[in-house]
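Inside the fold
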Amino acid sequence: MLLDGLAVIEAARARKVFDSRGSLTIEVELETTGGYGRYSAPAGASVGVHEAVAFPRGGVDEALRLFEELVAPKLVGMDASDQKGVDEALKEVDGTPNFSRIGGSMAIACSIAAAKAAASSLGLPLYRWLGGALATTIPAPLGNVLGGGKHAAAKALDIQEILVFPLNASSAHVALRVNAEVHRRLPKRIAKLDPTFSGGKTDEGAWVAKLSAEQALGIVREVCDEVGDELGCKVGLGIDVAASSLWDESSKVYRYAGEGVNRTPDEQLAFIEGLVKDFRLLYVEDPFHEEDYDSFAKLTKLVKPCLVCGDDLFTTNVERLRRGVELKAANAIIIKPNQVGTLTDAFNTVSLAKSNGFIIVVSHRSGETEDEALAHIAVGFSAPLIKTGVVGGERIAKLNELIRIEEGLPSASMSTLLLD
Ligand code: PGA
Ligand code: ZN
């Protein structure tokens, strides 16, 4: 839909800002005739090899130089409400298949800033602009409470994230409270098992402890059940193994350095299947490395109705998802718009996922900015789950936005999952 000239981009600016890890990132702002949009790009630490390249050679400065030389002149004069056109223009000036010239961070900053500018020009909330009248579901928050892997500064849990999510919360407020309570009650339990625990956190605000996977899942399971009983809401438990970070290609094993154990792919399959059964897991992300579609497919079949979710496996990429659909490699997919660089590409992947019955999980990155747009994208895409941490200003920015969206949406209903 073109907005009668209200969304014509009149000015485009980009600058260097900082993310939650203190690393430099790109922020873009677009001024239209009747509105304004700004977005700053997040960054991953356990980055999939098939993701868009975050920055060109020459880093943030080179990305800014190319913005001035190529991107801004192209965007000015375009209509921000023509999202496809804006995203195609970004691909055209880049000219590579993975944004290695201008950088995926620059691309996604422009793409989402355009969506925000269009929404603002029309006087609509972003979720409404993206999702139309169908956007009425508030996603359940999938929150990282205990973690390690590449998100911890010191050796800790080998599995990157232990995640919790409310299954039948009555409102966004209750949903956030459930996750916050689980997070808040964990330190006491952790300290009993790990005397060295000093309250350290990962990049995403999850507790860092020297525990085995079984110890960690044992205490989180206990706390989930306790909080669930008290707040009258069932609490689901899950993991993001981020197994590409554990995989040793030369010796073909998963190296669990913290536990001092190596697992072959078959042992990994048995291990994960055991965790799902023993701890009643309802969500498993990246249990195998990013090229092992076959093991993904075996696990998906074995652990139904547990969600088996591809993050590094799919990297929000429609072609990789298509292969996953053919091979029945998963039943859920992580959607990180910066993995593909444009909202249009993320949307195309979401469409293919939905038409094949996959659960959509719209996700933050471990390096985030204070931007709240992810909440709108999740509602706009009608995602049943949003993965965006539990604590920390950059995570809370998105979570609190869910409360505001729900308040402004009388027809809103909270997503409920896996209750039957
Ligand atoms: P990343 O990790 O943002 O550091 O890539 C998050 C994830 O693996 O889900
Ligand atoms: Zn992941």
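Each residue is numbered by its place in its chain's sequence as written, counting from 1. Following the order in which they are written, the chains are lettered starting with A and the ligands numbered starting with 1. At least 70 in pLDDT is required for a residue's local features to be given in this predicted model, at least 80 for side-chain atom pairs to be given and counted, and no such filter applies to totals for whole chains, interfaces and linings, which use all residues. Only hydrogens and water are set aside; all other atoms, that is, all heavy atoms of the structure, feed into the side-chain values.

**Comments concerning the domain arrangement of the protein chain**
Domain assignment breaks the protein chain into domain 1 (9-124) and domain 2 (131-414). Taken residue by residue, the interface counts 32 residues in domain 1 and 31 residues in domain 2. A quick way to say it: buried area is the sum, across both parts, of accessible area lost when two parts are put together, with a 1.4 Å probe. Summing the contributions of domain 1 and of domain 2, the shared interface buries around 2,500 Å²; its carbon and sulfur component is 51%. Salt bridge criterion: a side-chain nitrogen from Lys or Arg within 4 Å of a carboxyl oxygen from Asp or Glu. A salt bridge links Asp 371 to Lys 116; the shortest N-O distance between them is 2.7 Å. Domains are outlined according to an automatic or database domain assignment. Throughout, a contact is declared for two residues whenever any of their heavy atoms are within 4.5 Å.

**Topic: the pairing of strand β5 (residues 140-147)**
Across the eight residues that make up β5, a large majority, eight, are buried. Pairing between two strands is assigned when DSSP locates at least 2 bridges connecting them. Each helix corresponds to a stretch of at least 4 residues labelled H or I by DSSP, and each strand to a stretch of at least 2 residues labelled E; elements are numbered beginning at the N terminus. Across three bridges, the pairing between β5 and strand β16 (residues 385-387) is parallel. Looking across to β16, one finds that Leu 142 is bridged to Lys 387. Note that β5 and strand β6 (residues 161-166) share four bridges and pair antiparallel. To sort residues, take the accessible area from a 1.4 Å probe on protein chains only and compare it with the maximum for the residue type: under 20% means buried, over 50% means exposed, and anything in between is partly exposed.

**Notes on the sheet that holds strand β1 (residues 9-18)**
With antiparallel pairing, three strands are arranged side by side in an open sheet as β1-β2-β3. The sheet is open, and its two borders are formed by β1 and β3 (36-40), each paired with just one other strand. Across this sheet, the average inter-strand angle for adjacent strands is 15°, counted without regard to direction. Pairing analysis gives nine bridges linking β1 to strand β2 (residues 24-32), with the strands arranged antiparallel. Bridging across to β2, Ala 12 finds its partner in Leu 30. Axis definition: a line fitted to C-alpha atoms, limited for helices to the stretch in contact. Angles are taken between N-to-C directions and run from 0 to 180 degrees.

**Observations concerning the nonpolar core**
Core analysis: the largest hydrophobic core is formed by 139 residues, its most contacted members being Val 28, Met 106, Leu 146, Ile 162, Val 220 and Ile 239. Of all the elements, helix α3 (residues 104-122) adds the most residues to this core, at 12 residues. Non-local contacts of Leu 146, meaning those with residues more than four positions away in its chain, are made with Leu 157, Gln 160, Glu 161, Ile 162, Ile 190, Ala 206, Trp 207, Ala 209, Leu 211, Ala 216 and Val 220. Joining through side-chain atoms within 4.5 Å is the link that ties buried Ala, Val, Leu, Ile, Met, Phe, Trp, Tyr and Cys residues into a set, and such a set is a nonpolar core.

**Things to note about the packing of aromatic side chains**
To describe a pair of aromatic rings, you give the distance between the ring centres and the angle between the ring planes. Each Phe, Tyr or Trp ring, with Trp reduced to its six-membered ring, pairs with another whose centre is within 6.5 Å; inter-plane angles below 30 degrees give stacked pairs, above 60 give edge-to-face pairs, and intermediate values give tilted ones. Inspection of the entire model under this criterion finds six aromatic pairs. With 4.7 Å between their ring centres and 50° between their planes, Trp 247 and Tyr 254 make a pair best called tilted. Across the pair, Tyr 254 and Trp 247 agree in class, each one buried. The positively charged end of Arg 263 is found above the aromatic ring belonging to Phe 271, 3.6 Å away from the centroid. In this scheme, the term charge over a ring applies when either NZ of a lysine or CZ of an arginine sits within 6 Å of the ring centre and within 35 degrees of the ring normal.

**Notes on helix α7 (residues 265-279)**
Under the convention used throughout, the expected extent of a helix is 1.5 Å for every residue step, that is, one less than its residue count. With 15 residues, α7 should reach 21 Å at 1.5 Å per residue; the first-to-last C-alpha distance of 21 Å fits that figure. For α7, every residue scored as buried is listed here: Gln 268, Leu 269, Phe 271, Ile 272, Glu 273, Leu 275, Val 276 and Phe 279. Buried residues in α7 make contact with α6 (213-231), β8 (235-240), β10 (253-256), β11 (261-263), β12 (281-285) and α8 (293-302). After α7 finishes, the residue Arg 280 shows a positive phi value of roughly 55°.

**Structural notes on unusual backbone geometry**
Going from Lys 304 to Pro 305, the amide bond is cis rather than trans, its omega being 5°. Positive phi, normally seen in glycine, also occurs at Phe 99, with a value near 55°. Secondary-structure assignment places Phe 99 in the loop between α2 (83-94) and α3. Unlike most non-glycine residues, Thr 316 shows phi in positive territory, near 60°. By the element assignment, Thr 316 lies in the loop between β13 (307-310) and α9 (318-327). Assessed through its relative accessible area of 0%, Thr 316 is described here as buried.

**Notes on the site of ligand 1**
Around ligand 1, the structure places 14 residues, and the nearest of them are Ala 45, His 151, Arg 365, Ser 366 and Lys 387. Two N or O atoms count as a polar contact when they lie within 3.5 Å, although within protein this holds only if one can serve as hydrogen donor and the other as acceptor, and sequence-adjacent residues are included solely when both atoms are side-chain atoms. Separating an oxygen atom of ligand 1 from a side-chain N or O atom of Asp 311 is a distance of 3.1 Å. Separating an oxygen atom of ligand 1 from a side-chain N or O atom of Lys 387 is a distance of 2.9 Å. In these tables, accessible area is a Shrake-Rupley quantity obtained with a 1.4 Å probe, and a residue counts as shielded only by the protein chains included in the view. Considered on its own, ligand 1 offers 280 Å² of accessible surface; in the complex 100% of this is hidden by protein. Per-class residue counts for the shell around ligand 1 are one nonpolar, five polar and eight charged. Residue-level mapping places the shell around ligand 1 at the junction of two domains, with at least three residues from each of domain 1 (9-124) and domain 2 (131-414). We call a residue near a molecule or strand as soon as one heavy atom of that residue lies within 4 Å of the molecule or strand. Each residue is assigned to one class: nonpolar for Ala, Val, Leu, Ile, Met, Phe, Trp, Tyr, Cys and Pro, charged for Asp, Glu, Lys and Arg, and polar for all the others, Gly among them.

**Overview of the environment of Arg 322**
For Arg 322, the location among the structural elements is in helix α9. In this structure the C-alpha to C-alpha distance between Arg 322 and Asn 356, which are 34 residues apart in sequence, comes to 9.6 Å.

**Focus: the pattern of salt bridges**
What the rule picks out here adds up to 34 salt bridges. Across the pair Arg 13 and Glu 29 runs a salt bridge, and its minimum N-O distance is 3.0 Å. Note that Arg 13 is positioned in strand β1 and Glu 29 in strand β2, a separation of 16 residues in sequence. Classification of Glu 29 by relative accessible area gives buried; the value is 8%. Note that Glu 401 and Arg 404 form a salt bridge whose closest N and O atoms lie 2.7 Å from each other. In this pair, Glu 401 and Arg 404 both sit in helix α13 (residues 393-407), three residues apart, roughly one turn of the helix.

**Description of the sheet that holds strand β9 (residues 247-248)**
Strand order in this open sheet of three strands is β9-β10-β11, and the pairing throughout is antiparallel. Of all the strands in the sheet, just β9 and β11 have a single pairing partner and so form its edges. Bridge count for β10 against β11 is three bridges, and the pairing is antiparallel. In the sheet register, Arg 255 faces β11, and the bridge partner there is Asn 262. Contacts from α7 reach β9, β10 and β11 within the one sheet, and its direction differs from that of β11 by about 105°.

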